[in-house]
Amino acid sequence: RGYSTPYLEAHDAAKAAVGFAPSAISNGAPGTIIFNDGKLTTTGLTAGARYFLSNSATGSFATYASLTYASNDIQQQVGVAESTTVLRFAAGPTILIA
């Protein structure tokens, strides 16, 4: 989705979203991380839709309707689409799926 967050995933509570990299960062290189409130530019969003940390693609997010949770996955809202290309990032609390 135009950014690099290789360690975020909804299969591990320890890997919940706390921020995002507005551009890719190579391993060991310096970079910028935006914590909690920021605009993430991407494509394919539905304006006004809430987006959650994906449990099918590491480092991605998806609408709730496209997620299928399993035991020990986490549910975490990561933002709301302001338009078809801008997600207002705001990491929500995590909920552990029993």
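Residues numbered from 1 in each chain as written. Predicted model: local features only at pLDDT ≥ 70, side-chain atom pairs only at ≥ 80, totals over all residues. Heavy atoms only, no water.

A. Up close: the confidence of the model for the chain. Across the chain, the average pLDDT comes to 84, with 91% of residues at 70 or higher. Averaged pLDDT values for the elements of the chain fall to 84 in strand β1 (residues 19-20) and rise to 95 in strand β7 (residues 77-81). pLDDT under 50 marks residues 1-7. Its contacts with residues more than four places away, or in other chains, come to 21 contacts. (pLDDT = per-residue confidence, 0-100. Helix = DSSP H or I, 4+ residues; strand = E, 2+ residues; numbered from the N terminus. Contact = heavy atoms within 4.5 Å.)

B. Representation of the pattern of salt bridges in the model. According to the stated counting rule, one finds three salt bridges in the structure shown. Note that Arg 88 and Asp 37 form a salt bridge whose closest N and O atoms lie 3.1 Å from each other. Residue Arg 88 is found in strand β8 (residues 86-89), and its partner Asp 37 is found in the loop between β2 (34-35) and β3 (38-41); the two are separated by 51 residues along the sequence. Glu 82 serves as the salt-bridge partner of Lys 39, at 3.5 Å between the closest nitrogen and oxygen. One end of the pair, Lys 39, is in strand β3; the other, Glu 82, is in the loop between β7 and β8, with 43 residues separating them in the sequence. Of the residues examined, Lys 39 reaches a relative accessible area of 49% and is grouped as partly exposed. Members of the salt-bridge network, linked through shared partners, are Asp 37, Lys 39, Glu 82 and Arg 88. (Salt bridge = Lys/Arg side-chain N within 4 Å of Asp/Glu carboxyl O. Buried < 20%, exposed > 50% of the residue type's maximum accessible area, 1.4 Å probe, protein only.)

C. Main features of the side chain of Gln 75. Within the fold, Gln 75 resides in strand β6 (residues 74-75). Filtering out sequence-adjacent residues up to four positions away, Gln 75 remains in contact with Phe 52, Tyr 64, Tyr 69, Pro 93, Thr 94, Ile 95 and Ile 97.

D. Here's a closer look at the nonpolar core. Counting residues in each nonpolar core, the largest one holds 15 residues, and the members touching the most others are Leu 45, Tyr 51, Phe 61, Val 78 and Leu 87. Secondary structure elements with two or more residues in this core: β4 (50-53), β7 and β8. Aside from chain neighbours lying at most four places away, what touches Val 78 is Ala 17, Tyr 51, Phe 52, Leu 53, Phe 61, Leu 87, Arg 88, Phe 89, Ala 90 and Ala 91. (Core = buried A, V, L, I, M, F, W, Y, C linked by side-chain atoms within 4.5 Å.)

E. Broad picture of the side chain of Ser 54. Positionally, Ser 54 belongs in the loop between β4 and β5 (61-63). With a relative accessible area of 4%, Ser 54 lands in the buried category. Polar contacts involving the side chain of Ser 54 include one to the main-chain amide nitrogen of Ala 57, which spans 3.1 Å. (Polar contact = N/O pair within 3.5 Å; in protein donor to acceptor, adjacent residues only side chain to side chain.)

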